Amino acid sequence: MEPCRGLELDLVQASDAYRWSVQHGLGGDGPDLGSVLEGIAAWADDPANRKHPVVTIHLDLKNAPLSHSGFAAAIDDLLIHHFGEGRLYRPGDVMDAHTDLVRGARSTGWPTAAELRGRFLLCLTGRGARKAFYARHEPRRRVCFADYPGSRGAPRRGHRIFANLFVDAHGYSGNLARVKRQPGFVARGYNIVHRRTWDLSIDGRANILAGDVLDSDDLSLGGDGMAPALPRS
């Protein structure tokens, strides 16, 4: 049995400050994001875990008060404070010499899963306008990737290479195939709730599998984690 290699943290930002709690709804009272990140970093610092397979953390933005530019700087500062620079694999690492993240991913590609051991990939999901601004605003400085609706296939340019696909939606298999035909893109299938959709995602070569309800007696993880979208030559 392989360990879990992905997390999703639902984030609610305070209305008057760049401060986040981890909770699904706006009316709740979840833990401070910093304390959750501290726990994840402590786990990664444990000598037994330092060579862990790459872990992908999706940060689901539930609201978007204050300015987008202020958000980008504040969330990046917080993430670097808790994780450090060396633990994170960032958009600038994929861009290489290109000015466009999509072209960099399609041309240069990703390191192997073995090379990504001990690293984290962070990806913004949720509020569309905020994550779109984040991705294109000084992209080499960004800490997180940002996803886009996978129903659009694989874009030819831009700064978003994580495709987010709703598994039970009509056309899921076709949309997944469109994303995976192009090198460099990471496809996440979410809303996996039973074995049929799990197998559908595996057969379609989805990189990240996510679901709210999984039957632990029926499903297990195997292999060597998220396959590199395009190995470096």
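Scroll up a little and you will see the structure.
Residues numbered from 1 in each chain as written. Predicted model: local features only at pLDDT ≥ 70, side-chain atom pairs only at ≥ 80, totals over all residues. Heavy atoms only, no water.

This part is about empty space enclosed by the protein. Under the definition given, this model contains 2 cavities of 30 Å³ or more. Of the pockets and cavities examined, the largest cavity occupies roughly 50 Å³. Considering the residues around the largest cavity, the lining is formed by P91, L101, Y134, A135, P139, R142, C144, F145, A146 and H159. Those elements that place two or more of their residues in the lining of the largest cavity are α5 (128-136) and β5 (145-149). Its residues placed into classes, the lining of the largest cavity shows 8 nonpolar, 1 polar and 1 charged. The volume enclosed by the second largest cavity comes to roughly 30 Å³. Taken together, the residues of the lining of the second largest cavity break down into 4 nonpolar, 2 polar and 2 charged. (1 Å grid on protein atoms, 1.4 Å probe; cavity = no way out; pocket = protein on both sides within 12 Å on 5 of 7 lines; lining within 4 Å. Points joined across faces, edges and corners; volume = space filled by probe spheres on them. Helix = DSSP H or I, 4+ residues; strand = E, 2+ residues; numbered from the N terminus. Nonpolar A, V, L, I, M, F, W, Y, C, P; charged D, E, K, R; others polar.)

Attention now moves to the nonpolar core. Across soluble globular proteins, nonpolar side chains have a tendency to be buried as a group. In terms of nonpolar packing, the biggest core is built from 29 residues, with V94, W110, L121, F145, I161, F162 and F185 touching the most fellow members. Of all the secondary-structure elements, those providing two or more residues to this core are α3 (91-95), α4 (101-107), β4 (120-126), β5, β6 (162-166), α6 (172-180) and β7 (186-190). (Core = buried A, V, L, I, M, F, W, Y, C linked by side-chain atoms within 4.5 Å. Buried < 20%, exposed > 50% of the residue type's maximum accessible area, 1.4 Å probe, protein only.)

Attention now moves to α6. It helps to recall that an α-helix has 3.6 residues per turn; residues three or four apart then point in one direction. Regarding α6, the residues found buried are Y172, N175, L176, V179 and K180. Down the axis of α6, the buried set is contained in an arc of 130°. They therefore lie on one face. (Arc of directions from axis to C-beta.)

Once that is clear, we can look at the pattern of salt bridges. Between side chains of opposite charge, pairing is possible as soon as their charged atoms come close. Summed over the entire model, instances satisfying the criterion amount to 9 salt bridges. Of the charged contacts in the structure, one is a salt bridge between E85 and R90, with a shortest N-O distance of 2.5 Å. The class of R90 is buried, set by a relative accessible area of 13%. One salt bridge connects D147 with K131, and the closest N-O pair in it is separated by 2.6 Å. Remark: K131 occurs in helix α5 and D147 occurs in strand β5; sequence separation between them is 16 residues. By relative accessible area, which is 8% here, K131 ends up buried. (Salt bridge = Lys/Arg side-chain N within 4 Å of Asp/Glu carboxyl O.)

Overall, the coordinates contain 8 aromatic pairs when judged by the stated rule. Here the aromatic rings of F83 and F120 are separated by 5.0 Å at their centres, their planes lie at 25°, and the arrangement is stacked. Of the two residues, F83 is situated in helix α2 (residues 68-83) and F120 in strand β4; the sequence distance between them amounts to 37 residues. A ring pair is formed by W110 and F162, whose centres lie 6.3 Å apart and whose planes are at 65°; its orientation type is edge-to-face. Of the two residues, W110 sits in the loop between α4 and β4 while F162 sits in strand β6, which places them 52 residues apart along the sequence. For F162, a relative accessible area of 1% gives the class buried. In this structure an aromatic cluster arises from ring pairing among Y89, W110, F145 and F162. The ring of Y134 is capped by R142, whose NZ or CZ atom sits 5.0 Å from the centre of that ring. (Phe/Tyr/Trp six-rings, centres within 6.5 Å; stacked < 30°, edge-to-face > 60°. Lys NZ or Arg CZ within 6 Å of the ring centre and 35° of its normal.)

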